[in-house]
Amino acid sequence: MPNSFLRPHSSRVSFLQRLLDVGIVFSVYWLVISLHEVAWNVTTVVAVVLALTSFLLFAEMRGLYRSWRVSPLIDEIREVVFIWLMVVITLLTLAYVTKSSYELSLHVVLTWFALVPLGLILVRLLIRWTLRYARRYGANLRSVAIVGNNPIGHRLVNHLRAMPWAGLQISGVFDNKHGDYAELAIGQHNYPLGSIEDLVRQVEAGEIDSVYVALPLTNERRIEAVVNQLSDSTASVYVVPDLFVSELMHARWIDFGGMPLVSVYETPFYGLYGWVKRLEDIIFATLILLIISPILLGIAIAVKTTSPGSILFKQRRYGLNGAVVEVWKFRSMTVCDDGAHVVQAKKNDARITPLGAFLRKTSLDELPQFINVLQGTMSVVGPRPHAVAHNEQYRKLIKGYMLRHKVKPGITGWAQVNGWRGETDTLDKMQKRVEYDLEYIQNWSLWLDIKIVFLTVFKGFSGKNAY
């Protein structure tokens, strides 16, 4: 049985976590007031009490004090920041409604609002470092069992081995399907292989903390039987989705008139998130257009004076939900192909003008698309739109290709900042781009969009495949 020195004291640890967070919120406020030499009064005391109460309330609602053992640090940080943001909004709203904001020092309040999340995050970093150090030397471990001697179970074993910081010790793999064997080799490591009856005995003896059922969902009866056999124990039981469920894009539970359904192919921009995404687009596009307006004017004059033809090239592309939209670009070629057959630009393409080669290489030809963003047909960040002809070609060749259109097309995207921009002269290149696009849709967040914009500034304007 792994050494779990914190388990007997889990209730005390949970209480101490809450007490520590309360102490940080209060201590930072006391320190800021002391540094600014501001006197305590009824309003400041009430503000602190409300902050502590609302923080604990929101923390409980969001499950902040659950186990973060197998969760990435960024998830915990995001949750802490979100909870504190809710506290700040609550305090500001109450101060406005009660007309008591004038009794608080603006410098004190702003400093307090900024420093508290830093303190909360630093403490969590210290706790994680301490626990990882302890687990490295065999303390605070948890024993886990895998049900399923199959590719799903083997993949899970490798995944757990790649997370040594989580302190999860694999006790064995259990499966009646392939008979009883003494050992099972997975990768370069051997694990005990036993029957489901062996697993039940170990669980009932308290030798296993968690069980991961890694059976194909087509074996519903086997899964149900294993779960029922483990129901008379204190072990935590998890069902690991197979490859089909793992590929469900942004799946979520919805209530369909009292009947639970899983939404498989869905946009992440439903409800409030849709408004957040649109507000983000308006702010980014407006600010960027104000900054680059002289550049737009200069490029427009250069395009008009260096080659005959229009300044802008408008090409039909698929937008949100597969609707056809017009995407604006500075003209960079001597032709404006937009028919049933569109030839992608290639290296040393004779159709590209000398100025156009520079514009395409640096992505400056894409700048007019910020106007498309304000029009609402594009986003600043999203999958890059392809010509209609290319869409019709690749949707038949690449699984999940049209799922890119569950969101608006973007000026820049996750695929582009990861090097997959420009010519896609092979099917593999387009598949890779689609993979990154779907990964973006599945994991979208405001912070991811900001990260992509930041990376675009430094490495998204050029690329070896951009012609």
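Everything discussed here concerns the structure shown above.
All values derive from a computational prediction rather than experimental measurement. (Residues numbered from 1 in each chain as written. Predicted model: local features only at pLDDT ≥ 70, side-chain atom pairs only at ≥ 80, totals over all residues. Heavy atoms only, no water.)

A word on the overall build of the protein
Moving on, step 1. The secondary structure content of the protein amounts to 15 helices and twelve strands.
Moving on, step 2. The buried share of the protein, reckoned over its 467 residues, is 42%.
Moving on, step 3. In the protein, the proportion of contacts linking residues at least 24 apart, taken out of those at least 6 apart, comes to 70%.
Moving on, step 4. Of the roughly 25500 Å² of accessible surface on the protein, a fraction of 64% belongs to carbon and sulfur atoms. (Helix = DSSP H or I, 4+ residues; strand = E, 2+ residues; numbered from the N terminus. Buried < 20%, exposed > 50% of the residue type's maximum accessible area, 1.4 Å probe, protein only. Contact = heavy atoms within 4.5 Å. Areas by Shrake-Rupley, 256 points an atom, 1.4 Å probe, with all protein chains shown as cover.)

Topic: the nonpolar core
Moving on, step 1. In this structure, Phe330, Leu367, Phe370, Trp414, Tyr440 and Ile452 are the most contacted members of the largest nonpolar core, which totals 37 residues.
Moving on, step 2. Residue assignment for this core shows that the elements contributing at least two residues are helix H9 (272-306), strand S10 (324-330), helix H11 (369-375), strand S11 (379-381), helix H13 (414-417), helix H14 (427-442) and helix H15 (446-459).
Moving on, step 3. Per-element tally for this core: the top contributor is H9, with seven residues.
Moving on, step 4. Residue contacts for Tyr440: discarding those within four places in its chain leaves Phe269, Lys277, Val381, Gly382, Pro383, Trp414, Leu448, Asp449 and Ile452.
Moving on, step 5. Of all hydrophobic cores here, the second largest spans 28 residues; its members include Val48, Phe58, Ile83 and Val108. (Core = buried A, V, L, I, M, F, W, Y, C linked by side-chain atoms within 4.5 Å.)

Some words on a nonpolar patch on the surface
Moving on, step 1. On the surface, a cluster of nonpolar side chains totalling about 690 Å² of accessible area is made up of Phe26, Trp30, Leu31, Leu35, Trp40, Val45 and Val49.
Moving on, step 2. At the level of secondary structure, the elements contributing two or more residues to the nonpolar patch comprise helix H1 (10-36) and helix H2 (42-62).
Moving on, step 3. Broken down by element, the nonpolar patch gets its largest block of residues, four residues, from H1.
Moving on, step 4. By the element assignment, Trp30 lies in helix H1. (Patch = residues over 30% accessible without salt bridge, like charges linked within 9 Å, V, L, I, M, F, W, Y side chains within 5 Å. Salt bridge = Lys/Arg side-chain N within 4 Å of Asp/Glu carboxyl O.)

With respect to the sheet that holds strand S1 (residues 142-147)
Moving on, step 1. Here we have six strands laid out as an open sheet, ordered S3-S4-S2-S1-S5-S6, and mixed in their pairing. A single partner strand is all that each edge strand has here, and the edge strands are strand S3 (183-186) and strand S6 (236-239). With direction set aside, neighbouring strand axes in the sheet form an average angle of 30°.
Moving on, step 2. Two strands pair when backbone bridges link them, and strand S5 (residues 210-213) and S6 are joined in this way by four bridges, in the parallel orientation. (Pairing = 2+ DSSP bridges. Axes fitted to C-alpha atoms, helices over the stretch in contact; angles between N-to-C directions.)

A few points about the pairing of strand S2 (residues 168-174)
Moving on, step 1. Within S2, five of the seven residues are buried, leaving the element largely enclosed by the surrounding structure.
Moving on, step 2. Note: S1 against S2, six bridges, orientation parallel. In the sheet register, Val144 faces S2, and the bridge partner there is Ile170.
Moving on, step 3. Two strands pair when backbone bridges link them, and S2 and strand S4 (residues 189-194) are joined in this way by two bridges, in the parallel orientation. By the bridge assignment, Phe174 is partnered in S4 with Gly194.

Structural notes on the packing of aromatic side chains
The way to describe two aromatic rings as a pair is by their centre distance and the angle between their planes.
Moving on, step 1. One pass over the full model with this rule turns up nine aromatic pairs.
Moving on, step 2. Here Trp84 and Trp112 contribute two aromatic rings whose centre-to-centre distance is 5.6 Å and whose plane-to-plane angle is 80°, an arrangement assigned as edge-to-face. Pair noted here: Trp84 is in helix H3 (residues 73-97) and Trp112 is in helix H4 (residues 106-136), with a separation of 28 residues, a long-range link.
Moving on, step 3. Trp84 sits in the buried class, given a relative accessible area of 3%.
Moving on, step 4. Each ring, one from Phe269 and one from Trp444, has its centre 4.7 Å from the other, and the planes form 85°; the classification is edge-to-face. Pair noted here: Phe269 is in the loop between strand S8 (259-263) and H9 and Trp444 is in the loop between H14 and H15, with a separation of 175 residues, a long-range link. (Phe/Tyr/Trp six-rings, centres within 6.5 Å; stacked < 30°, edge-to-face > 60°.)

Quick look at helix H10 (residues 354-362)
What sets the pattern is the α-helix's 3.6 residues per turn: residues three or four places apart point alike.
Moving on, step 1. Every buried residue of H10 is accounted for by Gly356, Leu359 and Arg360. Mapping the buried residues of H10 onto a view down its axis gives an arc of 95°, with all of them on the same face.
Moving on, step 2. Elements that come into contact with the buried residues of H10 comprise H9 and S10.
Moving on, step 3. Directly beyond the C-terminal end of H10, a positive phi value near 65° is found at Ser363. (Arc of directions from axis to C-beta.)

Things to note about the pairing of S4
Moving on, step 1. Sheet topology places S3 next to S4; four bridges connect them, and they run antiparallel. For Ile186, the partnering residue across the bridge sits in S4 and is His189.
Moving on, step 2. Hairpin connection from S3 to S4: two residues lie between these consecutive antiparallel strands, with Gly187 at a positive phi of about 70°.

Describing the side chain of Ser332
Moving on, step 1. Tracing the chain through its elements places Ser332 in the loop between S10 and H10.
Moving on, step 2. With relative accessibility at 5%, the residue Ser332 sits in the buried group.
Moving on, step 3. There is a polar contact of 3.0 Å between the side chain of Ser332 and the side chain of Arg360.
Moving on, step 4. Apart from the residues within four sequence positions on either side, Ser332 is in contact with Arg351, Ile352, Thr353, Gly356, Arg360 and Asp365. (Polar contact = N/O pair within 3.5 Å; in protein donor to acceptor, adjacent residues only side chain to side chain.)

A few points about helix H5 (residues 151-161)
Moving on, step 1. If you check which residues of H5 are buried, you get Ile152, Gly153, Leu156, Val157 and Leu160. Projection of H5 onto a plane perpendicular to its axis shows the buried side chains occupying an angular sector of 140°, all on one side.
Moving on, step 2. The inward-facing, buried residues of H5 contact S1, S2, S3, S4 and S5.
Moving on, step 3. Two or three places before Ile152, at the start of H5, stands the capping residue Asn150, its side-chain oxygen 3.0 Å from that residue's backbone nitrogen.

Let's talk about the environment of Lys451
Moving on, step 1. Structurally, the position occupied by Lys451 is in helix H15.
Moving on, step 2. Residue classification places Lys451 among the partly exposed residues on the basis of a relative accessible area of 42%.
Moving on, step 3. Sequence separation of Lys451 and Val417 is 34 residues, and the distance between their C-alpha atoms is 9.8 Å.

Description of the packing of H2 against H3
Moving on, step 1. Interhelical geometry of H2 versus H3 gives an angle of 140° and a closest axis separation of 9 Å. Our classification of the angle between H2 and H3 gives oblique. The way H2 lies across H3 gives a crossing that is right-handed. Contacts from Ala47, Leu50, Ala51, Ser54, Phe55, Phe58, Ala59 and Arg62 in H2 reach Glu79, Phe82, Ile83, Trp84, Met86, Val87, Thr90, Leu91 and Leu94 in H3. (Parallel < 35°, antiparallel > 145°, perpendicular 65-115°, else oblique. Left-handed = near helix turned anticlockwise from the far one by under 90°.)

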